[in-house]
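In case you want the letters, here they are:
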Amino acid sequence: MMGRQGKLKIGVLAIQGDFAEHIAALNRLGIESREVRLPDHLEGMDGLIIPGGESTTLSRLMDLYHLREPIAGMAREGKAVWGTCAGMIMLAREITEDDPVPMGLMDIGVHRNAYGRQVDSFEQDLEIAGIGPEPFHGIFIRAPKIIRVGEDIEVLASIPSGEPVAVRQGSLLATSFHPELTADTRFHEQFLRIASLTAGEMDSRRGGGPEQP
Amino acid sequence: MVDVLTGTFAVKSGHAQMLKGGVIMDVVNPEQAKIAEENGAVAVMALERVPADIRADGGVARMTDPSVICAIMDTVSIPVMAKCRIGHFVEAQVLEALGVDYVDESEVLTPADETHHVWKHDFTVPFVCGCRDLGEALRRISEGAAMIRTKGEAGTGDVVEAVRHMRSVQDSIRKLQNMPDDELVVEARNLGVSLDLLVQTREQGRLPVVNFAAGGVATPADASLMMQLGADGVFVGSGIFKSGDPASRAHAIVQSVTHYNDPKILAEVSKDLGEAMVGISARTIPEDELLAPRSR
């Protein structure tokens, strides 16, 4: 199951937000990570985490430093990409406002700050598919709401009102809450299992002969 | 039914985590707020006057008129912060009722209480407070602050005090990390802080909450300097909208915080920004006009 996980290299987008918390979680799991601020920092990465932060800021800096296309390229190659909160906004197909401009990699529609302003930010225990029966403590901060899921989207967790808060589409993951703000690394391990699997598949494809265009 | 908790310390301090690596800009109207947002600010501080004008005008500086704050909240989608006077818990209640995302209990306004700060645990809205050293920082955290910033000397455009305060906090933490256990009780007493918070700081090797730089940052290089000294992000008060070309300067300072360790990018973004704010050397300000010593 763990496969190549020990040798995985995970990039964490570090242009703004709580990237240090993701890196700390990866460190606790013994995973090598790299702060990604420029496109060449993505070189050799088996997966990418887009952290929480301010999505309008992330969007502008991704444009300015030409990060959208290489990140989309990683997703197209089948590498694992996970967005938390602002990161989820950036992965969405569409959002309810004109700004920021998402990358459109996951077939979900997202409404920014839809759970309210900071005074409405909340904590709630969640049941998440695939990480075991123990509840996972969800921390939601000015959280984005998933208002549409496409056919290929697997809902991993919802809150009692019915809205999905953790979703998967192939090797892509998105959460409207912040696993990196807790000491619980089970969601990071879930992401690493996906990254490990896709990295393993790419290795065997490479081993099988010249890479197909 | 699953419990839903709001106003916890985790969501208050967690919000500050989302601001890290970002720039929070002082704005006095919706137009400035829009410029800040368009140029990559992670949040804005809604004010009636920027600190440089508060300093020039003199008199009593109070909480901003709620209509100004609401107009700014209606204009931008990024978080909006606002300042209350030190110890003025009713101004803080008003700001919370308006729905601001963060309250800055700030020495830039005229203190309402020279002895006591707001007991911030009672609020759902999170607070940021200024500090000059580790003792002030940990005292504010024990009162419930979910985020700390250096005081610097606001409205001067002179970064020297922000540097002094950031170095002081970092030096004290380094000293703490090398301190034997049996000296901690006395250190806590000397700093005027709880032993628990001191031990927590020592274990983490940093302040237990996010720590921004503030008070005198005027250029991209100033912002990178504060980041390299260990700040998690930067407040820019008068430095942007008192400069010749606010949009370009805002844009450049945002990049200088992301790429604080990359002098080539800093060189590039520092070009052609027009005039910086004029500024006053903090050293030439009479002692009774300094803002930072207004609280301890």
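Residues numbered from 1 in each chain as written. Chains lettered and ligands numbered in written order. Predicted model: local features only at pLDDT ≥ 70, side-chain atom pairs only at ≥ 80, totals over all residues. Heavy atoms only, no water.

**Quick word on the side chain of His259(B)**
Okay, step 1: On the secondary structure map, His259(B) appears in the loop between helix 12 (246-258) and helix 13 (263-269).
Okay, step 2: Given a relative accessible area of 3%, His259(B) falls into the buried group.
Okay, step 3: For His259(B), the contacting residues outside a window of four places in its chain are Arg37(A), Leu38(A), Tyr65(A), Ile265(B) and Leu266(B). (Helix = DSSP H or I, 4+ residues; strand = E, 2+ residues; numbered from the N terminus. Buried < 20%, exposed > 50% of the residue type's maximum accessible area, 1.4 Å probe, protein only. Contact = heavy atoms within 4.5 Å.)

**Here we look at the nonpolar core**
Okay, step 1: With 84 residues, the main nonpolar core has Leu67(A), Ile71(A), Ile108(A) and Met226(B) as its most contacted residues.
Okay, step 2: By size, the runner-up hydrophobic cluster in this structure holds 32 residues, among which are Ala14(A), Leu26(A), Ile131(A) and Ala143(A). (Core = buried A, V, L, I, M, F, W, Y, C linked by side-chain atoms within 4.5 Å.)

**Here we look at empty space enclosed by the protein**
All names here are of chain B.
Okay, step 1: Under the defined criterion, the tally for this structure stands at four cavities of 30 Å³ or more.
Okay, step 2: Roughly 210 Å³ of volume is contained in the largest cavity.
Okay, step 3: Lining the largest cavity are 24 residues; nearest its centre among them are Asp 26, Pro 51, Ala 154, Gly 215 and Gly 237.
Okay, step 4: The set of elements that each furnish at least two residues to the lining of the largest cavity consists of strand 7 (147-150), strand 9 (234-236) and helix 11 (238-241).
Okay, step 5: Per-class residue counts for the lining of the largest cavity are nine nonpolar, nine polar and six charged.
Okay, step 6: Size it by volume and the second largest cavity reaches roughly 160 Å³. (1 Å grid on protein atoms, 1.4 Å probe; cavity = no way out; pocket = protein on both sides within 12 Å on 5 of 7 lines; lining within 4 Å. Points joined across faces, edges and corners; volume = space filled by probe spheres on them. Nonpolar A, V, L, I, M, F, W, Y, C, P; charged D, E, K, R; others polar.)

**What to know about the layout of surface pockets**
Okay, step 1: Taken as a whole, the largest pocket holds about 720 Å³ of empty space.
Okay, step 2: Taken together, 35 residues line the largest pocket, and the ones lying closest to its centre are Glu21(A), Gln17(B), Lys20(B), Arg206(B) and Val210(B).
Okay, step 3: Of all the secondary-structure elements, those providing two or more residues to the lining of the largest pocket are helix 1 (19-28) of chain A together with helix 1 (9-19), helix 9 (195-204) and helix 12 of chain B.
Okay, step 4: Ranked by the residues each element gives to the lining of the largest pocket, the list is headed by helix 1 of chain B, at five residues.
Okay, step 5: Split by residue class, the lining of the largest pocket holds 19 nonpolar, ten polar and six charged.

**Some words on the packing of helix 4 (residues 66-75) of chain B against helix 5 (residues 89-98) of chain B**
All names here are of chain B.
Okay, step 1: Following both chains from N to C, one finds helix 4 and helix 5 inclined at 30°, their axes separated by 11 Å at the closest point. It follows from the interaxial angle that helix 4 and helix 5 lie roughly parallel. Taken as a pair, helix 4 and helix 5 cross one another with a handedness that is right-handed. Contacts between helix 4 and helix 5 pair Pro 66, Ile 69, Cys 70 and Met 73 from the former with Val 94, Leu 95 and Leu 98 from the latter.
Okay, step 2: When the residues that make up the contact of helix 4 with helix 5 are grouped by side-chain class, the tally is seven nonpolar, no polar and no charged. (Axes fitted to C-alpha atoms, helices over the stretch in contact; angles between N-to-C directions. Parallel < 35°, antiparallel > 145°, perpendicular 65-115°, else oblique. Left-handed = near helix turned anticlockwise from the far one by under 90°.)

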